[in-house]
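Spelled out from the first residue to the last, the chains are:
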Amino acid sequence: AQTVTQSQPEMSVQEAETVTLSCTYDTSESDYYLFWYKQPPSRQMILVIRQEAYKQQNATENRFSVNFQKAAKSFSLKISDSQLGDAAMYFCAYRTLTQGGSEKLVFGKGTKLTVNP
Amino acid sequence: DTGVSQNPRHKITKRGQNVTFRCDPISEHNRLYWYRQTLGQGPEFLTYFQNEAQLEKSRLLSDRFSAERPKGSFSTLEIQRTEQGDSAMYLCAGLRGGNTEAFFGQGTRLTVV
């Protein structure tokens, strides 16, 4: 079974600085998707960035980028020029397809990011 | 706003009572997840629908839990004979077509007293 590990329960960063959140995963599949989701306090979880495993190029979305190391099964998120609105729980997730056409996201336990002014 | 709404937002119930939650995704969301999230944990998969067909149920989903998605539109999650361990946030997410992005609702927070 696939597992996702986020080893940093909490992280903090100064406004305008850069922070990296870590994620490792375990799988025997060769093709899959990885995601970072953001869950602000009392608000809906939203997608930050996604990576397709067959793509060697790291995904970027404005201030957010990933460092995808397929062989090491590592998928870290870098947030540049951190803003107060980036404060949230961040979840790393792996998308797995199962027999019978089902699918699911497997989440890590999350990293709480605090942004200090 | 992700377009996915969940009701109620909060539910307090006495142990042993039955509760039902509702999820309304947008019409384009032919696929739908239910997840459970407890404090300090990531969301745990409960069940998956493709249109009206329930294709997978987690082992977490005991016989007390049942989910439906009639006509592939809204979905309901019912918990019978609630227990204190059922206290959690219940999240619903919709996905459209073959897209991989899941759009989550704000969740229903259940407290069993």
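As the structure is a computational prediction, the values presented were derived from the model and not from experiment.

## Section: the overall build of chain A
Moving on, step 1. For chain A, the count of helices and strands is 0 helices and 12 strands.
Moving on, step 2. Scanning chain A from its N terminus toward the C terminus, one meets helices and strands in the order β-β-β-β-β-β-β-β-β-β-β-β.
Moving on, step 3. The C-alpha atoms of chain A give a radius of gyration of 14 Å, which matches the 13 Å a tight globule of 117 residues would have.
Moving on, step 4. On the principal axes, the C-alpha backbone points of chain A span a range of 50 × 30 × 25 Å.
Moving on, step 5. By the burial criterion, 47% of the 117 residues in chain A qualify as buried.
Moving on, step 6. Taking the contacts inside chain A whose residues are at least 6 apart along the sequence as the reference set, 55% of them involve residues at least 24 apart.
Moving on, step 7. Carbon and sulfur atoms make up 44% of the accessible area of chain A, which amounts to about 5,900 Å² in all.
Moving on, step 8. Each charge class in chain A can be summarised by its mean position, and for the 12 positive and 11 negative side chains these summaries are 4 Å apart.

## Notes on the interface of chain B and chain A
Moving on, step 1. Taken together, the contact pairs 26 residues of chain B with 23 residues of chain A.
Moving on, step 2. Each partner contributes to the roughly 1,900 Å² buried at the junction of chain B and chain A, and carbon and sulfur atoms together form 48% of this total.
Moving on, step 3. Of all residues in chain B, E56, T100 and F104 of chain B bury the most surface against chain A, accounting for 27% of the area lost on that side.
Moving on, step 4. For the interface between chain B and chain A, the tally reads 3 salt bridges.
Moving on, step 5. Among the ionic pairs, R50 of chain A bridges to E101 of chain B, the shortest N-O distance being 3.8 Å.
Moving on, step 6. Inspection of the chain B/chain A interface yields 12 residue pairs in polar contact (both at pLDDT 80 or more).
Moving on, step 7. At the level of elements, β4 (31-37), β5 (44-50), β6 (53-57) and β9 (88-95) of chain B are the ones that each hand at least two residues to the side of chain B that touches chain A.

## Structural notes on the pattern of salt bridges
Moving on, step 1. Taken as a whole and judged by the stated rule, the model has 10 salt bridges over all chains.
Moving on, step 2. K55 of chain A is the partner of E52 of chain A in a salt bridge, and the nearest nitrogen-oxygen pair spans 3.1 Å.
Moving on, step 3. On the basis of relative accessibility, which here comes to 15%, the residue E52 of chain A falls in the buried class.
Moving on, step 4. Salt bridges linked by common partners bring R95 and E103 of chain A together with R31 of chain B together as one network.

## Digging into the packing of aromatic side chains
Aromatic rings in a pair are described by how distant their centres are and how their planes are angled relative to each other.
Moving on, step 1. Taken as a whole, this structure holds 18 aromatic pairs over all chains when the rule is applied.
Moving on, step 2. Where Y25 of chain A meets Y32 of chain A, the ring centres are 5.4 Å apart and the plane angle is 65 degrees; that geometry is what we call edge-to-face. For the pair Y25 of chain A and Y32 of chain A, a shared accessibility class is recorded, and that class is buried.
Moving on, step 3. A centroid spacing of 5.3 Å and a plane angle of 40 degrees characterise the contact between F21 of chain B and Y90 of chain B, whose relative ring orientation is tilted. Highlighted residues: F21 of chain B in strand β3 (residues 19-24) and Y90 of chain B in strand β9, separated in sequence by 69 residues.
Moving on, step 4. For F21 of chain B, a relative accessible area of 1% gives the class buried.
Moving on, step 5. A residue is classified by how much of its surface remains accessible, and Y90 of chain B, at 0% relative accessible area, is buried.
Moving on, step 6. Here a set of aromatic residues connected by ring pairs shows up, and it is made of Y33, F35, Y37, F91 and F107 of chain A together with Y33, Y35, F45, Y48 and F104 of chain B.
Moving on, step 7. The ring of F74 of chain B has R22 of chain B sitting right over it, with the charged end atom 3.9 Å from the ring centre.

The rules behind these values
Residues numbered from 1 in each chain as written. Chains lettered and ligands numbered in written order. Predicted model: local features only at pLDDT ≥ 70, side-chain atom pairs only at ≥ 80, totals over all residues. Heavy atoms only, no water. Helix = DSSP H or I, 4+ residues; strand = E, 2+ residues; numbered from the N terminus. Rg over C-alpha atoms; globule rule 2.2 N^0.38 Å. Buried < 20%, exposed > 50% of the residue type's maximum accessible area, 1.4 Å probe, protein only. Contact = heavy atoms within 4.5 Å. Areas by Shrake-Rupley, 256 points an atom, 1.4 Å probe, with all protein chains shown as cover. Lys, Arg positive; Asp, Glu negative; His and termini not counted. Charge placed at Lys NZ, Arg CZ, Asp CG, Glu CD. Buried area = accessible area lost by both parts, 1.4 Å probe. Salt bridge = Lys/Arg side-chain N within 4 Å of Asp/Glu carboxyl O. Polar contact = N/O pair within 3.5 Å; in protein donor to acceptor, adjacent residues only side chain to side chain. Phe/Tyr/Trp six-rings, centres within 6.5 Å; stacked < 30°, edge-to-face > 60°. Lys NZ or Arg CZ within 6 Å of the ring centre and 35° of its normal.

Any functional reading would require information that these geometric values do not contain.
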